[in-house]
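Understanding the architecture of this molecule
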Number of protein chains: 4
Amino acid sequence: MPKKIRLGILGGGGDSLIGVLHRVASFINDNYEIVGAVFNPNFEENVNFAKEIDVPTNRIYKDFDTLVEEEMKLPPEERIQVCSILTPNFLHFPMAKKLLENGFHVICEKPMTTTYEEAKILQDTLTKAGTVFAVTHTYTGYPMVRQMREMIKEGVLGKIHKVDARYYQGWINEIIHDKEKRSTVWRLDPKKAGISSCMGDIGVHAFNMIEFTTGLQVKSLLCDFNYLYDDNQMDVDGTVLIRMDEHVKGIIRASQVATGEENGLAIAIYGEKGAFRWEQEKPNFLYRLSDTEPVQIYKPGHAYNSKLSLDGTKLPPGHPEGIFDAMANIYLGVARAIRGEEYNDGEFPTMLDGVRGLNFIENTVASHKQGNVWVEMD
Amino acid sequence: MPKKIRLGILGGGGDSLIGVLHRVASFINDNYEIVGAVFNPNFEENVNFAKEIDVPTNRIYKDFDTLVEEEMKLPPEERIQVCSILTPNFLHFPMAKKLLENGFHVICEKPMTTTYEEAKILQDTLTKAGTVFAVTHTYTGYPMVRQMREMIKEGVLGKIHKVDARYYQGWINEIIHDKEKRSTVWRLDPKKAGISSCMGDIGVHAFNMIEFTTGLQVKSLLCDFNYLYDDNQMDVDGTVLIRMDEHVKGIIRASQVATGEENGLAIAIYGEKGAFRWEQEKPNFLYRLSDTEPVQIYKPGHAYNSKLSLDGTKLPPGHPEGIFDAMANIYLGVARAIRGEEYNDGEFPTMLDGVRGLNFIENTVASHKQGNVWVEMD
Amino acid sequence: MPKKIRLGILGGGGDSLIGVLHRVASFINDNYEIVGAVFNPNFEENVNFAKEIDVPTNRIYKDFDTLVEEEMKLPPEERIQVCSILTPNFLHFPMAKKLLENGFHVICEKPMTTTYEEAKILQDTLTKAGTVFAVTHTYTGYPMVRQMREMIKEGVLGKIHKVDARYYQGWINEIIHDKEKRSTVWRLDPKKAGISSCMGDIGVHAFNMIEFTTGLQVKSLLCDFNYLYDDNQMDVDGTVLIRMDEHVKGIIRASQVATGEENGLAIAIYGEKGAFRWEQEKPNFLYRLSDTEPVQIYKPGHAYNSKLSLDGTKLPPGHPEGIFDAMANIYLGVARAIRGEEYNDGEFPTMLDGVRGLNFIENTVASHKQGNVWVEMD
Amino acid sequence: MPKKIRLGILGGGGDSLIGVLHRVASFINDNYEIVGAVFNPNFEENVNFAKEIDVPTNRIYKDFDTLVEEEMKLPPEERIQVCSILTPNFLHFPMAKKLLENGFHVICEKPMTTTYEEAKILQDTLTKAGTVFAVTHTYTGYPMVRQMREMIKEGVLGKIHKVDARYYQGWINEIIHDKEKRSTVWRLDPKKAGISSCMGDIGVHAFNMIEFTTGLQVKSLLCDFNYLYDDNQMDVDGTVLIRMDEHVKGIIRASQVATGEENGLAIAIYGEKGAFRWEQEKPNFLYRLSDTEPVQIYKPGHAYNSKLSLDGTKLPPGHPEGIFDAMANIYLGVARAIRGEEYNDGEFPTMLDGVRGLNFIENTVASHKQGNVWVEMD
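Residues numbered from 1 in each chain as written. Chains lettered and ligands numbered in written order. Predicted model: local features only at pLDDT ≥ 70, side-chain atom pairs only at ≥ 80, totals over all residues. Heavy atoms only, no water.

Once that is clear, we can look at the overall build of chain A. For chain A, the helix and strand inventory stands at 13 helices and 14 strands. Referenced to the eigenvectors of the C-alpha coordinate spread, the extents of chain A come out at roughly 60 × 55 × 40 Å. Looking at chain A residue by residue over its 378 residues, the buried ones come to 66%. Expressed as a percentage of contacts within chain A between residues at least 6 apart in sequence, the contacts between residues at least 24 apart total 69%. Total accessible area computed for chain A in this model is approximately 13200 Å², and 50% of it derives from carbon and sulfur atoms. (Helix = DSSP H or I, 4+ residues; strand = E, 2+ residues; numbered from the N terminus. Buried < 20%, exposed > 50% of the residue type's maximum accessible area, 1.4 Å probe, protein only. Contact = heavy atoms within 4.5 Å. Areas by Shrake-Rupley, 256 points an atom, 1.4 Å probe, with all protein chains shown as cover.)

Attention now moves to the interface of chain A and chain B. The interface of chain A with chain B comprises 44 residues on the first partner and 44 residues on the second. Across the interface of chain A and chain B, roughly 3500 Å² is buried in total on both sides, 46% from carbon and sulfur atoms. Broken down residue by residue, the surface that chain A buries against chain B is led by His247(A), Thr259(A) and Asp291(A), which jointly contribute 17%. Our count for the chain A to chain B interface comes out at 10 salt bridges. When its residues are assigned to classes, the side of chain A that touches chain B shows 14 nonpolar, 15 polar and 15 charged. (Buried area = accessible area lost by both parts, 1.4 Å probe. Salt bridge = Lys/Arg side-chain N within 4 Å of Asp/Glu carboxyl O. Nonpolar A, V, L, I, M, F, W, Y, C, P; charged D, E, K, R; others polar.)

Let us now look at the interface of chain C and chain D. Of the residues lining the interface, 44 residues belong to chain C; the matching set on chain D comes to 44 residues. Carbon and sulfur atoms make up 47% of the area that chain C and chain D hide from each other, which totals about 3500 Å². By the criterion of area lost to chain D, the three top residues of chain C are His247(C), Thr259(C) and Asp291(C), representing 17% of everything that side buries. Two residues, Lys162(C) and Asp237(D), come together in a salt bridge whose shortest N-O distance is 2.9 Å.

Here we come to the relation of the copies chain A and chain B. Overlaying chain A on chain B yields an RMSD of 0.0 Å, the required transformation being a rotation through 180° with an accompanying axial translation of 0.0 Å. These values place the two chain copies in the arrangement generated by a two-fold rotation axis. Looking at the rotation axis and the C-alpha trace of chain A, the residue lying nearest is Val373(A), at 4.0 Å. Counting the interface residues of chain A, we find that 100% of their copies in chain B are interface residues as well, pointing to one common contact surface. (Least-squares fit on C-alpha atoms with pLDDT ≥ 70 in both.)

On to the domain arrangement of chain A. Residues and elements named next belong to chain A. Entries for chain A in the domain assignment read domain 1 (5-131) and domain 2 (141-315 + 351-369). Of note, the centres of domain 1 and domain 2, computed from C-alpha atoms alone, are 27 Å apart. With both sides pooled, the region where domain 1 packs onto domain 2 buries about 1100 Å², and carbon together with sulfur makes up 72% of that total. By the criterion of area lost to domain 2, the three top residues of domain 1 are Lys110, Met112 and Tyr116, representing 51% of everything that side buries. (Domains from an automatic or database assignment.)

Below, the discussion takes up the sheet that holds strand 1 (residues 5-10) of chain A. Residue and element names in this part refer to chain A. With parallel pairing, 5 strands are arranged side by side in an open sheet as 2-1-3-4-5. For this open sheet the edge positions go to strand 2 (32-38) and strand 5 (133-135), each flanked by a neighbour on one side alone. Taking the axes of each pair of neighbouring strands and ignoring which way they run, one obtains an average angle of 20° across the sheet. Pairing analysis gives 4 bridges linking strand 3 (residues 82-85) to strand 4 (residues 105-108), with the strands arranged parallel. Following the sheet pairing, Ile85 is matched in strand 4 by Cys108. (Pairing = 2+ DSSP bridges. Axes fitted to C-alpha atoms, helices over the stretch in contact; angles between N-to-C directions.)

Attention now moves to the pairing of strand 12 (residues 286-289) of chain A. Residues and elements named next belong to chain A. The pairing of strand 11 (residues 275-279) with strand 12 spans 4 bridges and is antiparallel. Each residue of the ladder has a partner; that of Trp278, found in strand 12, is Leu286. Here strand 11 hands over to strand 12 after 6 residues, the two strands then running antiparallel side by side. Bridging between strand 12 and strand 13 (residues 295-298) involves 3 bridges; their strand directions are antiparallel. Within the sheet, the bridge partner assigned to Leu286 lies in strand 13 and is Tyr298. Linkage of strand 12 to strand 13, two consecutive antiparallel strands, is achieved through a turn of 5 residues.

Residues that lie three or four places apart on an α-helix share one face, since the helix turns once every 3.6 residues. Residues and elements named next belong to chain B. Here helix 10 (residues 198-214) is 17 residues long and its end C-alpha atoms lie 23 Å apart, about the 24 Å a rise of 1.5 Å per residue gives. When the local axis directions of helix 10 are compared, the greatest deviation, roughly 35°, occurs at Val204. Of all 17 residues making up helix 10, 16 are buried, and the element is well covered by its neighbours. Gly215, located one to two residues past helix 10, shows a positive phi value of around 75°. (Expected span 1.5 Å × (residues − 1). Bend = angle between axes of the 7 residues up to and from the residue.)

We now examine the packing of aromatic side chains. Under the defined criterion, the tally for this structure stands at 42 aromatic pairs over all chains. Plain terms: the ring middles of Tyr139(C) and Tyr167(C) are 6.1 Å apart, the flat faces sit at 75° to each other, and that makes the pair edge-to-face. Taken together, the residues Tyr139(C) in the loop between strand 5 (133-135) and helix 6 (143-154) and Tyr167(C) in strand 6 (residues 160-168) connect sequence positions 28 residues apart. Pair check on accessibility: Tyr139(C) and Tyr167(C) agree, each one buried. An aromatic cluster is built from Tyr139(A), Tyr142(A), Tyr167(A) and Trp278(A), whose rings are joined through pairwise contacts. Cation over ring: Arg149(A) sits above Phe212(A), and NZ or CZ is 4.5 Å from the ring centre. When the ring centre of Phe285(B) is taken as reference, the NZ or CZ atom of Lys282(C) above it lies at 5.3 Å. (Phe/Tyr/Trp six-rings, centres within 6.5 Å; stacked < 30°, edge-to-face > 60°. Lys NZ or Arg CZ within 6 Å of the ring centre and 35° of its normal.)

So, about the pattern of salt bridges. Under the definition given, this model contains 100 salt bridges over all chains. Here Arg277(C) and Glu261(D) are joined by a salt bridge, their closest N and O atoms 2.7 Å apart. Taken as a pair, Arg277(C) in strand 11 (residues 275-279) and Glu261(D) in the loop between strand 9 (248-255) and strand 10 (264-271) lie in two separate chains rather than in one. For Arg336(C), the salt bridge identified is with Asp311(C), shortest N-O distance 2.6 Å. One end of the pair, Arg336(C), is in helix 12 (residues 323-338); the other, Asp311(C), is in the loop between helix 11 (307-310) and helix 12, and 25 residues separate them in sequence. Under the relative-accessibility criterion, Arg336(C) is labelled buried at 17%.

Here we take up the relation of the copies chain C and chain D. With an RMSD of 0.0 Å, the fit of chain C onto chain D corresponds to turning through 180° and sliding 0.0 Å along the axis. Both copies contact each other with a shared surface, as 100% of the interface residues of chain C are interface residues in chain D too.

What follows covers unusual backbone geometry. Glycine aside, a negative phi is what most residues show, and trans is what most peptide bonds show. Residue Lys110(A) is joined to Pro111(A) through a cis peptide bond whose omega torsion reads 0°. Looking at the element boundaries, Pro111(A) is found in the loop between strand 4 and helix 5 (116-129). Positive phi, normally seen in glycine, also occurs at Asp54(A), with a value near 70°. Overall, Asp54(A) belongs to the partly exposed group, its relative accessible area being 34%. For Leu228(C), which is not glycine, the phi dihedral falls at a positive 70°.

Most often, soluble globular proteins keep nonpolar side chains buried together rather than apart. Judged by nonpolar contacts, the single largest core of 164 residues is most densely connected at Phe39(B), Trp278(B), Phe360(B), Trp278(C) and Phe360(C). Each residue touching Phe360(C), except ones within four places of it in the same chain, is listed here: Met199(C), Gly203(C), Val204(C), Phe207(C), Leu221(C), Val240(C), Ile252(C) and Met377(C). (Core = buried A, V, L, I, M, F, W, Y, C linked by side-chain atoms within 4.5 Å.)

This part covers the environment of Gly274(B). Mapping Gly274(B) onto the fold places it in the loop between strand 10 (264-271) and strand 11 (275-279). Excluding residues within four positions of it along the chain, Gly274(B) makes contact with Thr259(A), Val156(B), Leu157(B), Ile269(B) and Leu289(B).

Here, the residues flagged by UniProt with the feature "domain: Gfo/Idh/MocA-like oxidoreductase N-terminal" (unreviewed entry) are residues 19-137 of chain A. Helix makes up 45% of residues 19-137 of chain A and strand makes up 15%, while its end C-alpha atoms are separated by 15 Å. (UniProt positions renumbered as here; feature names shortened; annotations may be inferred.)

All right, on to the side chain of Glu262(C) then. Here Glu262(C) is to be found in the loop between strand 9 (248-255) and strand 10 (264-271). Judged by relative accessible area, which is 13%, Glu262(C) ranks as buried. One polar contact links Glu262(C) to Lys299(B), side chain to side chain, over a distance of 2.9 Å. At a separation of 2.6 Å, a polar atom in the side chain of Glu262(C) contacts the side chain of His302(B). In this structure, Glu262(C) is in contact with Lys299(B), His302(B), Pro317(B), Gly318(B), Tyr168(C), Gln169(C) and Glu281(C), ignoring residues within four places of it in sequence. (Polar contact = N/O pair within 3.5 Å; in protein donor to acceptor, adjacent residues only side chain to side chain.)

We now examine a positive patch on the surface. Residues Lys282(A), Lys282(B), Lys282(C) and Lys282(D) make up a contiguous surface patch of positive charge. Inspection of the secondary structure puts Lys282(A) in the loop between strand 11 and strand 12. (Patch = residues over 30% accessible without salt bridge, like charges linked within 9 Å, V, L, I, M, F, W, Y side chains within 5 Å. Lys, Arg positive; Asp, Glu negative; His and termini not counted. Charge placed at Lys NZ, Arg CZ, Asp CG, Glu CD.)

Structure (structure tokens):
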């Protein structure tokens, strides 16, 4: 195995959940070492956190610009190779852009940018940079999602004619039904949270899951949001009719007021010859349906799975791996790409996933605001 | 227990599945005896079938009009009290109308009529007749569907803000993807099958399930069908956005090309205080969700259930009852109504369910044909 | 279809659950008509009940002996052909014996007799009589249990090496933990309920399910009961180690104090080449396991099922049928046997199932009482 | 947070699965740094592996004795504090003993020793040493297992009267049914693998799960093994009847020939007032049963869970964590104990769990060999 890849972290300090997720994911397959970071805007907290988690403090920087400046002074063989961007959303774009322009690889949390325009700019930047860029649609890292993708690519479903993806959560209920809370929380303030809450935060995962697994692209969409209260300006629920083609249609349902649902991402894909169903909360069970044969349940780690799927499983069948392992699989793919090793398409979500996600979000808002009309995807 | 109710059967002879379902359902609670019938348009087969299933042949008639004519000559205490209409769809309306006009009670298979206009005429006829009329939305007869309805009525979900119903089947795949078959089968011929295949046959069940369980009414809808092929004129798949109110929205998804799905009717209802989820293929498990408490699974026959639910269970908990038992529960409710006994709202689907169903079907077609626009329900 | 079979009913009057189950089951496939009965030891109630359920009262008899006597006076073509015995357990043996001796066919509720000795006598009686005899191990009537049996017979599991059956209920908790109740209820009184409660009532179903599905016989067993209290003399829980052969072993677990369990009969059968798992509370899902292939879920009504399984399904896939339908399948098999039609081994449980069941129950008691030692089955 | 704990690793080099599991688990909560190791008996491979995974090579030792010797020369504040023993089974005892005698804390893979006698010696050693000792019954680290334990301790089940644990795998089928393989594989060679295969490797987990969750101890047992072939001397399947008390009984079922089962550890605990059911392959779903209330499903991360359970969840509800996270929870508990922080009983399995496990294994063998008789636990 080659030497470890030098990783820089932006954000994710203290009790940050996303910070833990990325650190553990980077560790799992022994490919990365954290060599520099700006965990926190407060320099003292930043350094203290580095000490806590045992990252050398000499490359803990006071801010992002300093990190770039100082790292560029180091010889390439010592310099940070890839940065993980875990900061608040509005910082993703400027940070990613500057990193790419300076030749760094980037792992960027979702949403990649706050607008589609920024996303396209970033895409151009990457084209010029020629480095590796990943956006963390974490759920694509699950072994059975990868297995679904590979089997669809092999043609086991025949021509696909219908897709149905759902992402239901209930956590915003306690905020939205409280007049005081809903008018003060940043999540529902368009100035702070961007143009969409539900579709931007979770609907886009369902959208990505469809394009990731089927290899098809959404061509047009019609969206209806629900704000629940007149004094609320952000979608907390929405349904999107989609067309991949004139006769290939689908539905994306997303909600933050689906009471009692936890993290209910699920997908069903129907083709002429068969179908797949998968749910994120039971990630190790992939259902393959047929009109004429018994239902089959695929599980991770079995020799009947594809290489891309098996690659994402560390222990033998029956030892449940979870969301940290899914993210670790994405880090593994990025490591291979950075090292110039062979890797499969699908090992990590790319710039294109990010660009299409932003296009999707803006189009859902446009469709809804124009009165639930059809809008074309680019 | 009072004397058995005198039941007449129209259609359902020979190997008819719907015939078996109604006969067994009428038998289960010992409330009905079949005293007259036109099982079959061929009189000889009609009589032979009566012999086979042990119905006296003296009141097996050559056709529907004769049945009405002859039965009206009998004294009221011998005359058929209620007729079950199991004939081809286009006959439902004229038969039901004539029966009501002659003072008979009616149990009518779905769809109640072929057009909304007929449905409204039938509604008027019933108002004048004042008899008992049921339309067989069979799935409302399941004990856990009834339990859901009762608990919602009691307010356990608080204000409802989202509904999501699905009815997915895959059986039409083997027809639709075969050019020859799809152009010849009566199911896909608008002249024979009416204006809608998927929404008319199964989507309407999902629609009814929403109104039955929530007690709310759909106010407007927007629908998108999928015909899959240019030479096919009937919907085999469709999605409907619905509004019960400005801020109470929902989705109805129906498909006959959801490959590998068998009879996948399912419903989820989300309110401020909780949610319910139920699936027809596992009818004896009702999931109650909450944002803050463990999920609860309600099952039939337990003392914690409502009277309406318990009434529909014959054996102790853990002895699975099924679709025949659900239909039997509807027959039980009708029997009580005919006898003038006390019965609960919800024991059987009524004329109003039928009327609204037709309104729904025509509106989905209108919405789709006009380019996926919002259409108001009456 | 030939004329209906003339059925007599013994017991099962009034609100009897077992009465409803048998009447509905006999009706479902249009094979039987009830022509005579002793529903109730009280003649007036007996006649009233007959009126309620619309059975002609002229052949409602004051007691069992009268029924036999009077029916024997009738010409064979009018006489009751088969009697269903639904009376208290201690009456099963004398009634069945007398019926067989007089040439009647018999459908006998479980337990067939109260002792193994009686069971063997009855077996001899049947041999002489040459009529049809069925004991109602109802669960063998489920389509997926039959499918399991057929596939095992075809060899899909290879050589079987392990079986594991369970029947867990919790209903006796409310009695057993109450000193007053447990000393008064007839169920726990050996004088009234026979030698075993848990194993005799439900463990024997698990035992039968093993022999029914595998086609193998239990050769020896070792049993440990739990009485829970020193002042209780009846088993309310027990585990049985079984050997079908020196190297083919298994376990039967039964409990009436498995708190919260409803009617938890389940079976798993493991062979060299595969395995099956099935649970009574989800009767329409049969799991087929393999060490190297995805799990398969078999469901009723599909063309991939065996004839014996398909025969027990009335509606298309996805329309759940239940326990009444399972019992109806047994009545269907008995009807074929009575008519001398071709029928498959396995369509109904036979005298041999009854005899082995009693042998099993007595052996579990013997094993436990002798200090959990191995006891040989006959 | 205090400084990281200095961890030494024995074994687990190269592609070792157990090595990955422990390294990731030690990393997850930022409590440990690996400072020394003997990953591999071959010194060159040992050093190379250290380089690969970025452990400084200056404290990579040529063998275990050298590690102890050299580390003891270091000042306490630099010395390895705790060693994880991941070597072949027969080395666990001597290594653990020497480590304890030298004042190290120990995390020991299962089985703790190869005999009960060794286990007791080790227990004495620990008593004298007064350090922290953990044995990795990994499954006790799952949040819902901990939740079960805490709720039982609080009394939600009332008095427990029945337990039922199962550990079914099928992987040995491909070996056992092949005459050549079964006579050569080390797993089935008593000289290499110890006295028990199935019970020693997995049955003991089921045993531990019972004692861990209930807080009760098994007092006596009766065991029946299955060897499947006359020329095989190791148990590949076995059932154990257990008594926690005269009227508190249970069953432990273990198999390596349960075809198609992957890692099927499951437990059910029945008490007067309720029951729990849990399965390892769906670790985030804990079922709570009652005779009178709906079934409840507990899931990780909710505020309704106990502190001990919540402590073992990093992300919000609905983000599945798995086996690596379970092991990480055990490492977290050990870290607290080493630091002298407050920690809950149950945060990691202790010497007592190890001792009782060995006692259990030897007793199952004794019971079987003596002809399936009752044997007393110490």
